[in-house]
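Listed here are the chains, written in short residue letters.
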Amino acid sequence: MYGNEDSAPSGTPGHDLLVVGSANADLVVGVERRPGPGETVLGSDLVVHPGGKGANQAVAAARLGARTALLARVGDDAHGRLLRASQREAGVDTGGVLVGGAPTGVALITVDPSGDNSIVVSPGANARLTPEDVRAAGALVASARVVSVQLEIPLDTVAETARALGPDARLVLNPSPPAPLPGEVLAACDPLVVNEHEARSILGASAGATPESWARGLTALGPRSVVITLGAEGALVSDTRGGSPVRVPSPRVEAVDTTGAGDAFTAALAWRLGLGETLPDAAAFAVRVGAAAVTKEGAQASFPTLEEVLAL
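Residues numbered from 1 in each chain as written. Predicted model: local features only at pLDDT ≥ 70, side-chain atom pairs only at ≥ 80, totals over all residues. Heavy atoms only, no water.

Q: When you look at the overall build of the protein chain in this model, what are you seeing that I'm missing?
A: Each helix and strand in the protein chain was counted, giving eleven helices and 13 strands. Based on the C-alpha atoms only, the size of the protein chain along its principal axes is roughly 55 × 45 × 40 Å. Taking contacts inside the protein chain between residues at least 6 apart in sequence as the whole, the part at least 24 apart equals 65%. For the protein chain, the accessible area works out to roughly 13,200 Å², and carbon and sulfur atoms hold 54% of it. Taking the 23 positively charged and 34 negatively charged side chains of the protein chain as two groups, their mean positions are separated by 4 Å. (Helix = DSSP H or I, 4+ residues; strand = E, 2+ residues; numbered from the N terminus. Contact = heavy atoms within 4.5 Å. Areas by Shrake-Rupley, 256 points an atom, 1.4 Å probe, with all protein chains shown as cover. Lys, Arg positive; Asp, Glu negative; His and termini not counted. Charge placed at Lys NZ, Arg CZ, Asp CG, Glu CD.)

Next comes the structure, spelled out in C-alpha cells:
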C-alpha cells in the first residue's frame, strides 16, 4: 500500500532522476572494542540515521537541485516514517515509496575508536520491493530521464526496472553489493558504476592491475559505458561508443568521513547525464560532489548543495 502521507506515483513528467533502490535505518553504536563470540560489551548511546543506497542517492540528487523521485519499500513503523520524512525534507518526490510487507530495512553498525565498523544488514522491506511494484509504477519509471539502481533490492526487480525504461532514458547501475548480473541488465547500463572492490569482484582473476584494465574487462561484458570511482584519485570513464578510457581527477580535500560518498557521486553523475552532459563532464562534476561529501561526517547529512559544490 502507499503511506497516508505520500501519494501514489502519478507519472507526472519531468523527473530528472528516479532512484529505484533501498531505504534503511542505520542504527549506530560506538564501542571500545567489538565483542567476541558469546561476549557482551557496553556501547555508546544509540544513534539512528536515515540510510540505504537508494535513499542516499535520492537525497544527494535532490539536494543538488535535481527533480528526483524514489521508488522503494519501507515498513509501517517508526523507521519507515523517519526515512520518508528525510526524503521529503530533501525535496524528493516520495509518491513511489511503498509502505508495508515487512519491517523497514535496518543496518546494525558498531564502530570502534579507530573508526573500523562491523555491519549486519536486515533487508526487511527492501527484499519485498518486487517486479510487480515496478510494473505498477510503470508511468513513474517511464517519465524519468535517468533511472538509478543498486543491488540492495532483489535482482529480479533491477531487471524489471531495466525493461521498464522509457525509450530515451538511461540506466545507471551501481552493483553494490556485487553479484552476478544477467546480460539484459548489463546491456542496459549506461553507465555501470563501480569502485575498485566491485570491479575486482565482478572480473575475478581476469581483473588485471590497473583501472584501465578493469575498464576494458567490464566493457567487454556488455554495458554501454563504465565509470570506475578511485576515491581521492577521482574516476575513470570508458564509453563503448568510441574513445579511450579517460581519467577524471578529484579536487584535493581533507577527508573527514567517506560514508555515502559513492552514493553522492553516483547521484550527481546520473543527474548530469540526464541534463545532456557527456560522460567525462558528468563525471568531473560528480567527483567534486563526492569530494565535498567526504569533508563532513555522516552520509545524508554530508551531501552538499549545488552552491557548496561550486564553491569547492
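Q: It is not clear to me how the packing of aromatic side chains should be interpreted in this structure. Could you clarify?
A: The description of an aromatic ring pair rests on the distance of the ring centres and on the angle between the ring planes. Inspection of every chain in the model, using the stated rule, returns one aromatic pair. Seen from their ring centres, Trp-271 and Phe-285 are 6.0 Å apart, and the 70° between their planes marks the pair as edge-to-face. Of this pair, Trp-271 sits in helix H9 (residues 261-274) while Phe-285 sits in helix H10 (residues 279-293), and the two are 14 residues apart along the sequence. By the burial criterion, Trp-271 is buried, and Phe-285 matches it. The ring of Trp-271 carries Arg-272 above its face, with NZ or CZ at 5.1 Å from the centroid. Taking NZ or CZ as reference, Arg-272 lies 4.0 Å from the ring centre of Phe-285, over its face. (Phe/Tyr/Trp six-rings, centres within 6.5 Å; stacked < 30°, edge-to-face > 60°. Buried < 20%, exposed > 50% of the residue type's maximum accessible area, 1.4 Å probe, protein only. Lys NZ or Arg CZ within 6 Å of the ring centre and 35° of its normal.)

Q: Any chance you could explain empty space enclosed by the protein here in plain terms?
A: Counted under the stated rule, the structure contains one cavity of 30 Å³ or more. What the largest cavity holds in volume is close to 40 Å³. In this structure, the largest cavity is lined by Ala-23, Leu-70, Ala-72, Val-74, Leu-83, Arg-84, Gln-87 and Val-97. Put simply, the parts of the chain that give the lining of the largest cavity at least two residues each are strand S4 (68-74) and helix H2 (78-90). For the lining of the largest cavity, a count of residues per class yields six nonpolar, one polar and one charged. (1 Å grid on protein atoms, 1.4 Å probe; cavity = no way out; pocket = protein on both sides within 12 Å on 5 of 7 lines; lining within 4 Å. Points joined across faces, edges and corners; volume = space filled by probe spheres on them. Nonpolar A, V, L, I, M, F, W, Y, C, P; charged D, E, K, R; others polar.)

Q: Help me out: how do you make sense of the sheet that holds strand S9 (residues 170-174) in this one?
A: Hydrogen bonds between backbone groups are what pair the strands of a sheet, and the pairing can be parallel or antiparallel. If you walk across this open sheet you meet the nine strands as S5-S4-S1-S8-S9-S10-S11-S12-S13, and the pairing is mixed. With partners counted over all chains shown, the strands left at the sheet margins are strand S5 (97-99) and strand S13 (246-248), one partner each. Pairs of neighbouring strands in the sheet enclose a mean axial angle of 20°, with direction left out of account. In this structure, strand S10 (residues 189-195) lies alongside strand S11 (residues 225-229), joined through four bridges in parallel fashion. Each residue of the ladder has a partner; that of Leu-192, found in S11, is Val-226. Contacting strand S1 (17-20), strand S8 (146-150), S9, S10, S11 and strand S12 (235-239), H9 crosses the sheet at an angle of about 160° to S10. (Pairing = 2+ DSSP bridges. Axes fitted to C-alpha atoms, helices over the stretch in contact; angles between N-to-C directions.)

Q: Got a minute to help me understand the pattern of salt bridges in this structure?
A: What the rule picks out here adds up to 16 salt bridges. As a salt-bridge pair, Glu-184 and Arg-163 come within 2.8 Å of each other at their nearest N and O atoms. One end of the pair, Glu-184, is in helix H6 (residues 183-188); the other, Arg-163, is in helix H5 (residues 155-163), and 21 residues separate them in sequence. Take Arg-163: its relative accessible area is 48%, and that puts it in the partly exposed class. (Salt bridge = Lys/Arg side-chain N within 4 Å of Asp/Glu carboxyl O.)

Q: Explanation requested: the nonpolar core in the structure shown.
A: Soluble, globular proteins show a tendency: their nonpolar side chains are buried together. Within the largest apolar cluster, 44 residues are counted, with the highest numbers of intra-cluster contacts made by Leu-64, Leu-70, Val-227, Phe-265, Leu-269, Phe-285 and Val-289. Elements represented by at least two residues in this core include exactly S1, helix H1 (53-64), S4, H2, S5, S12, H9 and H10. If near-sequence neighbours (up to four positions away) are discounted, Leu-70 is found in contact with Leu-18, Val-19, Gly-54, Ala-55, Ala-58, Gln-87, Val-92, Asp-93, Gly-96 and Val-97. (Core = buried A, V, L, I, M, F, W, Y, C linked by side-chain atoms within 4.5 Å.)

Q: Please clarify how the pairing of S4 should be interpreted in this entry.
A: For a regular strand, side chains alternate in direction, first toward one face of the sheet and then toward the other. Of all seven residues in S4, seven are buried, a share of seventy percent or more. By the alternation rule, side chains of S4 split into Thr-68, Leu-70, Ala-72 and Val-74 and Ala-69, Leu-71 and Arg-73, which are all buried. The pairing of S1 with S4 spans four bridges and is classified as parallel. Bridge pairing in S4 places Val-20 opposite Leu-71. Where S4 and S5 come together, three bridges link them in parallel fashion. Note that in S5 the partner of Val-74 across the bridge is Val-99. With H2 bridging S4 and its parallel neighbour S5, the resulting β-α-β unit is right-handed. (Right-handed = clockwise from strand over helix to strand, strands pointing away.)

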